[in-house]
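Okay, here's what each chain looks like letter by letter:
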Amino acid sequence: MTGPRNWLTAALTRLVAGIAVVVPAALLLGAPPAAAHPMPHSVVRLDVYRTSVTARLELPADDFSRASGIDLDGTTRATLSRKAAAIRTYLGEHIHATGTGGTAWRVSVGELRLSSTEQTSTGPYRELVAEAVLTPHTGTDVRHFTFDYDVIVHQVVTHTVLVTVRQDWDAGQVDGEGTTQVGTIRINSRTMTVPALKVDLGEGSAWRGFAAMVQLGAHHILTGTDHLLFLLILLLPAPLAVSGRRWVGLVGGKVALGRIGRITPAFTAGHSVALAVTALGRLDIPDWPVEAFIAVSILVGAIHAVRPLFPGREALVAGFFGLGHGMAFSFVLAEMHLSTGQLVTSLLGFNLGIELVQLLLVCLALPALLVAARLRVQPALRLTGAVLTGTAAVGWLADRLGLPNPVARAADSAGSHTALMLTVLTVTAVAATAWTLTTRRTARLEATELRAATPPERGERHAAVP
């Protein structure tokens, strides 16, 4: 009996051993591959100017410390200055640029700061942000150069650097929001070197810059809720007559159109003059007093819509407050650091975009303004519009004086619904125009029927007989 028992024992042993091997293997083969935790990459954002290129470096702090030997763990914004010299020295040694002729550009590293950020699938992490300026010799083409960059990559072989263009006026990229990818920098696994990136931005032109600025101006006024509210609230009582300190009755259509025709160009003149003077003079004006002034202008307009403050002088008020709105517009141009020639062209294009959209919106709002003034519910509509506008103005004023509030946030968010606003204005304009035409046609038909139904005077009948 020993033989069979030994055979059975051996068979069971082999079976158990087989299961022990096959089952884990099946589980391992059937399981999804283990995914390594993705590491954040660096980003270099280029702003291309007429005589230089600015590079904004966004560097994961842990990888930077590992590559440079400069420990940023525990470093705060306040203590970063102690390590600034070492950081700038390291970056200067690993950032180089040469022109098409092989001439080296000057590289200077400026502002440094630490922040928290997050990339897709990486989770939050600390980031070192540095600003570097690449300056070629005078007259050198800044649109074609070799970017020799190996920050972090020379030590962390798995690291990747994305190089993008954030602003390039000559290429029509001016809003600073979208980016164009130029290339990727990573280590060559065969040679274990970091190849330099050939940057070719193509041929730029002043026309592209001008067209982009027209579009930017149009977008700025379209999403600038405060600018539009100020103009529309001044136009709201334009068709109304004044008696004492009250809005009562209506003025004629020509008078109403004349008022609107004066208010709109006056606002245009005011903000155009301020925009030109502030931008061309490169005046460095704090933004919060200007923004607070704009909020005050809207509040004054809302009060005027309820009870006349300056009847007949709306155009002067529009021109005066337009100065503040123009200064706010100039902040957009100031952030671009344009050359004088680019600035003049940008000023024309930006202002043209503002005026085209402003004219469009006034034309869309005009039929509704004229029709609403003739309706019985006109006082209620006017007061509702004035109260909503005044509430937004108070919220903006408090926010711009350092008191954030939900009213200001809600009013600002209205600028993100431009498609809805244009749709509502268009539908309202069509409906108001149709109502006006129908009313006039009905009035003419009634007048014709009345004349046909009224018998001629006795003298007229005799005069018709020879």
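Here, the structure is the one placed above.
Because the structure is predicted, anything quoted here is derived from the model rather than measured. (Residues numbered from 1 in each chain as written. Predicted model: local features only at pLDDT ≥ 70, side-chain atom pairs only at ≥ 80, totals over all residues. Heavy atoms only, no water.)

**Student:** What am I meant to see in unusual backbone geometry here?
**Tutor:** Phi is mostly negative for residues that are not glycine, and the peptide bonds are mostly trans. One non-glycine residue, Met192, lies in positive phi territory at about 55 degrees. Mapping Met192 onto the fold places it in the loop between strand 8 (180-185) and strand 9 (197-200). Residue classification places Met192 among the partly exposed positions, given a relative accessible area of 48%. One non-glycine residue, Arg282, lies in the positive phi region at around 50 degrees. Assignment of secondary structure puts Arg282 in the loop between helix 6 (253-280) and helix 7 (287-306). (Helix = DSSP H or I, 4+ residues; strand = E, 2+ residues; numbered from the N terminus. Buried < 20%, exposed > 50% of the residue type's maximum accessible area, 1.4 Å probe, protein only.)

**Student:** Honestly, helix 4 (residues 206-223) in this entry has me stumped. Any pointers?
**Tutor:** What sets the pattern is the α-helix's 3.6 residues per turn: residues three or four places apart point alike. Here helix 4 contains 18 residues, and its C-alpha end-to-end distance of 26 Å stays within 8% of the 26 Å for a straight helix at 1.5 Å per residue. Those residues of helix 4 that sit buried are Gly209, Phe210, Ala212, Met213, Val214, Leu216, Gly217, Ala218, Ile221 and Leu222. (Expected span 1.5 Å × (residues − 1).)

**Student:** Whenever I open this one, the layout of surface pockets confuses me. Can you help?
**Tutor:** Rolled over the atoms, a probe with the dimensions of a water molecule shows which regions are left empty. Counted as a void, the largest pocket has a volume near 1,200 Å³. Looking at the largest pocket, it is lined by 39 residues, and the ones nearest its centre are Leu229, Leu232, Gly385, Thr389 and Leu425. Only helix 4, helix 5 (225-235), helix 9 (340-372), helix 10 (378-400) and helix 12 (418-453) provide two or more residues apiece to the lining of the largest pocket. Along the lines of polarity and charge, the residues of the lining of the largest pocket split into 28 nonpolar, 10 polar and 1 charged. (1 Å grid on protein atoms, 1.4 Å probe; cavity = no way out; pocket = protein on both sides within 12 Å on 5 of 7 lines; lining within 4 Å. Points joined across faces, edges and corners; volume = space filled by probe spheres on them. Nonpolar A, V, L, I, M, F, W, Y, C, P; charged D, E, K, R; others polar.)

**Student:** Looking at this structure, how should I read the packing of helix 10 against helix 11 (residues 406-413)?
**Tutor:** Packed helices, taken two at a time, are described by the angle their axes make and the gap between the axes. Relative to each other, helix 10 and helix 11 sit at 115 degrees, their axes nearing to 8 Å. Our classification of the angle between helix 10 and helix 11 gives roughly perpendicular. Crossing hand, helix 10 versus helix 11: left-handed. Here Thr391, Ala392, Gly395, Trp396 and Asp399 of helix 10 lie close against helix 11, whose contacting residues are Val407, Ala408, Ala411 and Asp412. Class assignment for the residues of the contact of helix 10 with helix 11 results in 5 nonpolar, 2 polar and 2 charged. (Axes fitted to C-alpha atoms, helices over the stretch in contact; angles between N-to-C directions. Parallel < 35°, antiparallel > 145°, perpendicular 65-115°, else oblique. Left-handed = near helix turned anticlockwise from the far one by under 90°. Contact = heavy atoms within 4.5 Å.)

**Student:** What exactly am I supposed to notice about the sheet that holds strand 9 here?
**Tutor:** What links the strands of a sheet is backbone hydrogen bonding, and the strands pair in either a parallel or an antiparallel sense. Taken together, the 3 strands give an open sheet; going across it, the order is 3-6-9, and neighbouring strands pair in antiparallel fashion. The open sheet has two free edges, formed respectively by strand 3 (95-99) and strand 9, since each of these has just one partner strand. Strand-to-strand twist in this sheet, taken as the mean axis angle between neighbours without regard to direction, amounts to 25 degrees. Pairing of strand 6 (residues 144-149) with strand 9, which is carried by 4 bridges, proceeds in the antiparallel orientation. From the neighbouring strand, Phe147 faces strand 9, where its bridge partner is Leu197. Each of strand 3 and strand 6 touches helix 3 (residues 84-94); the most contacted strand, strand 3, lies at about 40 degrees to it. (Pairing = 2+ DSSP bridges.)

**Student:** I keep staring at a positive patch on the surface and nothing clicks. Help me out?
**Tutor:** On the surface, Arg245, Arg246, Arg307 and Arg313 cluster together into a positively charged patch. Owing to a relative accessible area of 52%, Arg246 belongs among the exposed residues under this scheme. (Patch = residues over 30% accessible without salt bridge, like charges linked within 9 Å, V, L, I, M, F, W, Y side chains within 5 Å. Areas by Shrake-Rupley, 256 points an atom, 1.4 Å probe, with all protein chains shown as cover. Salt bridge = Lys/Arg side-chain N within 4 Å of Asp/Glu carboxyl O. Lys, Arg positive; Asp, Glu negative; His and termini not counted. Charge placed at Lys NZ, Arg CZ, Asp CG, Glu CD.)

**Student:** Can you help me understand the nonpolar core in this one?
**Tutor:** Across soluble globular proteins, nonpolar side chains have a tendency to be buried as a group. Membership of the largest hydrophobic core comes to 44 residues, with the highest contact counts inside it found for Phe64, Leu91, Phe147 and Tyr149. Residues contacting Leu91, with those up to four places away along its chain left out, are Leu57, Leu59, Phe64, Val109, Leu112, Ala130 and Val151. (Core = buried A, V, L, I, M, F, W, Y, C linked by side-chain atoms within 4.5 Å.)

**Student:** Just to check I follow, could you spell out the sheet that holds strand 8 for this structure?
**Tutor:** Across the sheet, which stays open at both edges, the 6 strands sit in the order 4-5-2-1-7-8 with mixed pairing between neighbours. Looking at the sheet topology across the chains shown, the edges are occupied by strand 4 (106-119) and strand 8. Adjacent strand axes in the sheet meet at a mean angle of 20 degrees, parallel and antiparallel pairs treated alike. Pairing of strand 7 (residues 161-168) with strand 8 involves 5 bridges; the strand directions are antiparallel. Bridge assignment links Val161 to a residue of strand 8, and that residue is Ile185. Contacting strand 2 (53-60) and strand 5 (123-135), helix 2 (residues 61-68) runs over the sheet at an angle of about 95 degrees to strand 2. Sitting on the sheet, helix 3 touches strand 2, strand 4 and strand 5, and the angle it makes with strand 4 is about 110 degrees.

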